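These are the residues of each chain, in order.
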There are 2 protein chains.
Amino acid sequence: MTIAYLGPKGTFTEIALSTYFNNEAVKIPKPSIEDVFQSVIDQESTYGVVPVENSIEGAVNNTLDQLLERDIYVIGEIKIPINQCLLAKNIQSNEIINVYSHPQSFAQCRKWINDNIPKSNLIPVLSNSEGAIKVKSSTDACIGPNILSSYYNLNIIQTNIQDFRNNETRFLILSRSMESVTSKSKTSIVIIPQAESKSGSLYSLLKPFSDNNINLTRIESRPVKTKNWKYSFYIDFEGNYEDEAIKKTLNTIQQSDNEIKLLGSYKSHN
Amino acid sequence: MTIAYLGPKGTFTEIALSTYFNNEAVKIPKPSIEDVFQSVIDQESTYGVVPVENSIEGAVNNTLDQLLERDIYVIGEIKIPINQCLLAKNIQSNEIINVYSHPQSFAQCRKWINDNIPKSNLIPVLSNSEGAIKVKSSTDACIGPNILSSYYNLNIIQTNIQDFRNNETRFLILSRSMESVTSKSKTSIVIIPQAESKSGSLYSLLKPFSDNNINLTRIESRPVKTKNWKYSFYIDFEGNYEDEAIKKTLNTIQQSDNEIKLLGSYKSHN
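What counts and what doesn't
Residues numbered from 1 in each chain as written. Chains lettered and ligands numbered in written order. Predicted model: local features only at pLDDT ≥ 70, side-chain atom pairs only at ≥ 80, totals over all residues. Heavy atoms only, no water. Helix = DSSP H or I, 4+ residues; strand = E, 2+ residues; numbered from the N terminus. Buried < 20%, exposed > 50% of the residue type's maximum accessible area, 1.4 Å probe, protein only. Contact = heavy atoms within 4.5 Å. Areas by Shrake-Rupley, 256 points an atom, 1.4 Å probe, with all protein chains shown as cover. Buried area = accessible area lost by both parts, 1.4 Å probe. Salt bridge = Lys/Arg side-chain N within 4 Å of Asp/Glu carboxyl O. Polar contact = N/O pair within 3.5 Å; in protein donor to acceptor, adjacent residues only side chain to side chain. Nonpolar A, V, L, I, M, F, W, Y, C, P; charged D, E, K, R; others polar. Pairing = 2+ DSSP bridges. Disulfide = S-S within 2.5 Å. Axes fitted to C-alpha atoms, helices over the stretch in contact; angles between N-to-C directions. Core = buried A, V, L, I, M, F, W, Y, C linked by side-chain atoms within 4.5 Å.

Draft legend 1. Fine view of the overall build of chain A. A count of helices and strands for chain A gives nine helices and 15 strands. Summarising its shape, the C-alpha atoms of chain A cover approximately 65 × 45 × 35 Å along the three principal directions. The burial tally for chain A puts 54% of its 270 residues in the buried class. Within chain A, counting contacts between residues at least 6 apart in sequence, those at least 24 apart form 76% of the total. With the model as given, the accessible surface of chain A reaches about 12000 Å², and the carbon-plus-sulfur share is 47%.

Here you go:
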């Protein structure tokens, strides 16, 4: 079994993959979210793993767009804690001059940096792994997941330096085909309104869910790229697409001139 | 009048600022969206200009988060077309080897790049202005707005190379105090549900707008950073916060244990 994931080696996505598949897979790092989808579509890999939402930063737009545009399904999800670490060649952290990291990691650790290493130069790079590679002298450090330590031979100086302790990211497992689930499941769909949007259009889209007592767990809007300032809606809800109440709800929505893309039903990770 | 904006010099935000204020202002570039908000709060500048939404890429999350967290108001908006250009020292583009740009600009021009300069090396940098500075030899080029040409002494080789011709970005004008408007206006608020969220909570939040015939123009959700997997809702709608129907709607929402932050009413830019 081969699994594509958002790389490079040492990303939080790799940790999510290893947790979900219990390390029983050949892992293929990809440079972008698009490349993970492409790898699954091209049958280079059996499954793909991409981030979809962070508890602090919100949705990963690139993943949402690809889910709509590509012929791919969701067969699972996993949430992992985002534990940002400060890593360096040496164990002393009081002499750090340059700190390398992705801008998002700097943003997530702003308070800790101000309190602990306020005089250091923060040098943004394009990935945390690139930051780890740049750590060369004893006054350099980088920020990122703990697995950077073993991949790039660095010491972990401090763990859990992110400002919000409860920082978590949710990842999706992608496949070329839908899988059926029997356990407690959730379903993901995208609704693309075809009619000209008007007052209360989202309100009326949500009405069939309310009428059929279906619990929504998530709603996210994304621009329709071919029509300015029009939106599609990504909706997650409890239950399986084979449930009668859900079939009825989706039928009602489609009958009101809305297109639905079913992304899949899968076991919910709470 | 001094106005802070998301820099560095030569960004689309600077073009938005110059268009909105007719070039009658001292412009202060800031390295981040947070710094623009801070400059207005510190009274270093009269107003601030930040991007809030792109017609293809969607919401600018950083701006949404700052609007909720900071003591600041919205007094205007402006939409400008995003015209990505290829710029270089020389006018010939068939010898380009290295192209520098922000990853988002590469993403917006993917099709044009594949069709026209498929063999070039795409080198991601942290801003389009940084890309312009890196253009040194005759085989280098960069991607970004046309004003990079005058700031960095480059020739525009091709204009409008973005994949979606209708690419536009909406910017907000920020102020320390609310301003009253009489012309055709819209209002922006954030709703922060206080009760435990349950099935149909967004549906019931939207009901008072529907009951009072208020046209929603935009709804966006963002994570509540202190509570995992809970969300606040950013809602734009037609009308002024002094209108009776709107006062009534907001009252109804507040009475159902929801906090509301009023961001302001301002002239809508269509």
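Alright, that's what it looks like, and here's the rest.
Draft legend 2. Broad picture of the interface of chain B and chain A. Counting residues at the interface gives 40 residues for chain B and 40 residues for chain A. Summed over the three residues of chain B that lose the most area to chain A, namely B:Y203, B:K225 and B:W229, the buried surface amounts to 22% of that side. Run the count over chain B and chain A and you get two salt bridges. Ionic pairing is found between A:E34 and B:R110, a salt bridge with its closest N-O pair at 3.4 Å. Linking chain B to chain A there are 14 residue pairs in polar contact (both at pLDDT 80 or more). Mapped onto the side of chain B that touches chain A, the elements with two or more residues apiece are β3 (47–54), β4 (58–59), β11 (168–175), α8 (201–211) and β13 (216–223) of chain B. For the side of chain B that touches chain A, the per-class residue count stands at 15 nonpolar, 12 polar and 13 charged.

Draft legend 3. Broad picture of the pairing of β11(B). All names here are of chain B. Within β11, seven of the eight residues are buried, which leaves the element mostly enclosed by the surrounding structure. Where β3 meets β11, six bridges bridge the pair, whose relative direction is antiparallel. Paired with E53 across the bridge in β11 is R170. Of the pairings in the sheet, the one linking strand β5 (residues 73–81) to β11 comprises eight bridges and is antiparallel in character. Considered in β11, the bridge of Y73 is made with S175.

Draft legend 4. Local environment of the state of the cysteines. All names here are of chain B. In this structure the tally under the stated criterion is zero disulfides over all chains. A disulfide-free cysteine, C109 has its sulfur positioned 9.2 Å from the sulfur of C85, the nearest such atom. On the accessibility criterion, C109 (0% relative accessible area) is buried. With no disulfide of its own, C142 lies closest to C85 among cysteine sulfurs, the gap being 9.5 Å.

Draft legend 5. Broad picture of the sheet that holds strand β14 (residues 231–238) of chain A. Residues and elements named next belong to chain A. Taking strand neighbours across the sheet as the criterion, the four strands line up as β13-β14-β12-β15 in an open arrangement whose pairing is antiparallel. Looking at which strands have only one partner, the edges of the open sheet turn out to be β13 (216–223) and β15 (258–267). Neighbour-to-neighbour, the strand axes of this sheet turn through a mean angle of 15 degrees, independent of strand direction. Two strands pair when backbone bridges link them, and strand β12 (residues 185–193) and β15 are joined in this way by nine bridges, in the antiparallel orientation. Paired with V190 across the strands is K261, a residue of β15.

Draft legend 6. Quick look at the sheet that holds strand β14 (residues 231–238) of chain B. Residues and elements named next belong to chain B. The strand order across the open sheet formed by four strands is β13-β14-β12-β15, and the pairing between neighbours is antiparallel. What marks the edges here is a single partner per strand, and that holds for β13 and β15 (258–267). With strand direction ignored, the average angle separating the axes of adjacent strands in the sheet is 15 degrees. Running over the sheet, helix α9 (residues 244–255) touches β12 (185–193), β14 and β15 and is turned about 160 degrees from β15.

Draft legend 7. Spatial organisation of the nonpolar core. Within the largest apolar cluster, 36 residues are counted, with the highest numbers of intra-cluster contacts made by A:L202, A:I235, B:L202 and B:I235. For this core, the secondary structure elements donating two or more residues are β12, α8 (201–211), β14 and α9 (244–255) of chain A together with β12, α8, β14 and α9 of chain B. Excluding residues within four positions of it along the chain, B:L202 makes contact with A:L202, A:L206, A:I219, B:I219 and B:F233.

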